[in-house]
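Given next are the chains, with one letter for each unit.
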Amino acid sequence: MSPLRLVRNRWLRPFAQRLLDRRLWRPTPHTIGLGVALGMFFGILMPVAQMLFAVGSATMVRANVVVAALGTLITNPFTAPPIYLAAYQLGASLTGGLDALGVGPAPRIEAFSFDALTQAAASASWSGAACAFVVGLLVIASLAGLAGYGVGWCASRLLGHARQHSRLRV
């Protein structure tokens with residue numbers, strides 16, 4: 001889909017000036033890396049409307065919009081449960097000191113199974129579990145965004161370098 005076709009949409013017309021910025025569509029190492037980082041960050045952090053948030057933030061920081069939208073696909077029905085379980089486990093280990101606030105410790109889940117999840121849910125203090133989940137999700141989303149920037153930047157540089165050498169050989 002071309003940028004001009006996007007701005008013809010009546011919902012996107014108010015943002016036409018911003019969406020026609022060439023930096024949003026040009027594949028440079030920085031814009032690709034930033035697009036991957038934003039896509040992975042919002043793909044992990046937001047359970048719904050992650051593409052909307054990734055594309056919106058990509059237009060603000062002038063990252064590659066297409067790559068930001070594609071980066072949100074890191075979470076899908078196969079990858080979301082392990083990511084969310086890891087976020088909860090990490091958050092539970094990081095927020096172990098919530099007892100002082102009267103929240104209570106988050107329950108520990110030893111194995112990824114439906115029985116373990118339901119048992120933990122039955123014994124959980126929901127405020128402690130929610131806090132642990134959000135903290136873990138923020139940490140994982142931030143680390144994934146940082147790693148995504150590095151991978152996107154390196155991949156773009158390598159592909160651009162290979163493409164440049166193939167032109168020289170011809």
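The structure presented is a predicted model; accordingly, all values stated were derived computationally and were not measured.

A. Layout of the overall build of the protein. Assigned secondary structure in the protein consists of eight helices and zero strands. In the protein, the order of α-helices and β-strands from amino to carboxyl end is α-α-α-α-α-α-α-α. Accessible surface computed for the protein: about 10700 Å², of which carbon and sulfur atoms make up 69%.

B. Spotlight on the confidence of the model for the protein. Overall, the predicted model of the protein reaches an average pLDDT of 77, with 65% of residues at or above 70. Of all the helices and strands in the protein, helix 7 (residues 114-123) carries the lowest mean pLDDT, 61, while helix 3 (residues 29-45) carries the highest, 93. This stretch, residues 99-103, has a pLDDT under 50; its non-local contacts, to residues over four places away or in other chains, come to six contacts.

C. Summary view of the nonpolar core. Ranked by internal contacts, the top residues of the largest apolar core, which has 22 residues, are Leu-38, Ile-44 and Ala-58. Of all the secondary-structure elements, those providing two or more residues to this core are helix 3, helix 4 (50-61), helix 5 (65-71), helix 6 (80-94) and helix 8 (126-169). Among the elements that line this core, the one with the most residues is helix 3, at eight residues. Other than its neighbours up to four places away in sequence, Leu-38 contacts Ala-54, Ser-57, Ala-58, Val-61 and Ala-63.

D. How the structure looks around a nonpolar patch on the surface. Together, Met-51, Val-66, Leu-70 and Leu-73 give the surface a local cluster of nonpolar side chains, amounting to about 360 Å² of exposed area. With respect to the element layout, Leu-73 can be found in the loop between helix 5 and helix 6. Taking relative accessible area as the criterion, Leu-73 reaches 49% and is therefore assigned partly exposed.

E. How the structure looks around helix 6. In a regular helix each residue adds 1.5 Å, so 15 residues correspond to 21 Å; helix 6 covers 21 Å between its end C-alpha atoms and thus fits that length. Every buried residue belonging to helix 6 is among Ala-80, Ile-83, Leu-85, Ala-87, Tyr-88, Gln-89, Gly-91 and Ala-92, and all of these are buried.

F. Examining the packing of aromatic side chains more closely. By the definition in use, this model includes three aromatic pairs. Plain terms: the ring middles of Phe-41 and Phe-42 are 5.1 Å apart, the flat faces sit at 80° to each other, and that makes the pair edge-to-face. You can call Phe-41 partly exposed: its relative accessible area is 23%. With 6.1 Å between their ring centres and 20° between their planes, Phe-42 and Phe-53 make a pair best called stacked. Taken as a pair, Phe-42 in helix 3 and Phe-53 in helix 4 lie far apart in primary sequence, 11 residues in all.

G. View of the packing of helix 3 against helix 4. Running from N to C, helix 3 and helix 4 cross one another at 145°; their axes reach a closest spacing of 9 Å. Crossing geometry of helix 3 relative to helix 4 is assigned as right-handed. Residue-level contacts link Leu-34, Leu-38, Gly-39, Phe-42 and Gly-43 of helix 3 to Gln-50, Phe-53, Ala-54, Ser-57, Ala-58 and Val-61 of helix 4. Counted by class, the contact of helix 3 with helix 4 contains seven nonpolar, four polar and no charged residues.

H. Main features of unusual backbone geometry. Non-glycine residue Ala-49 carries a positive phi angle of around 60°. What makes Ala-49 partly exposed here is its relative accessible area of 38%. Positive phi is not limited to glycine here, since Arg-62 has a value of about 60°. Overall, Arg-62 belongs to the partly exposed group, its relative accessible area being 31%.

I. Local environment of the environment of Ala-92. Mapping Ala-92 onto the fold places it in helix 6. What makes Ala-92 buried here is its relative accessible area of 9%. Sequence separation between Ala-92 and Gly-136 is 44 residues; the distance between their C-alpha atoms is 7.5 Å.

Parameters at a glance
Residues numbered from 1 in each chain as written. Predicted model: local features only at pLDDT ≥ 70, side-chain atom pairs only at ≥ 80, totals over all residues. Heavy atoms only, no water. Helix = DSSP H or I, 4+ residues; strand = E, 2+ residues; numbered from the N terminus. Areas by Shrake-Rupley, 256 points an atom, 1.4 Å probe, with all protein chains shown as cover. pLDDT = per-residue confidence, 0-100. Contact = heavy atoms within 4.5 Å. Core = buried A, V, L, I, M, F, W, Y, C linked by side-chain atoms within 4.5 Å. Buried < 20%, exposed > 50% of the residue type's maximum accessible area, 1.4 Å probe, protein only. Patch = residues over 30% accessible without salt bridge, like charges linked within 9 Å, V, L, I, M, F, W, Y side chains within 5 Å. Salt bridge = Lys/Arg side-chain N within 4 Å of Asp/Glu carboxyl O. Expected span 1.5 Å × (residues − 1). Phe/Tyr/Trp six-rings, centres within 6.5 Å; stacked < 30°, edge-to-face > 60°. Axes fitted to C-alpha atoms, helices over the stretch in contact; angles between N-to-C directions. Left-handed = near helix turned anticlockwise from the far one by under 90°. Nonpolar A, V, L, I, M, F, W, Y, C, P; charged D, E, K, R; others polar.

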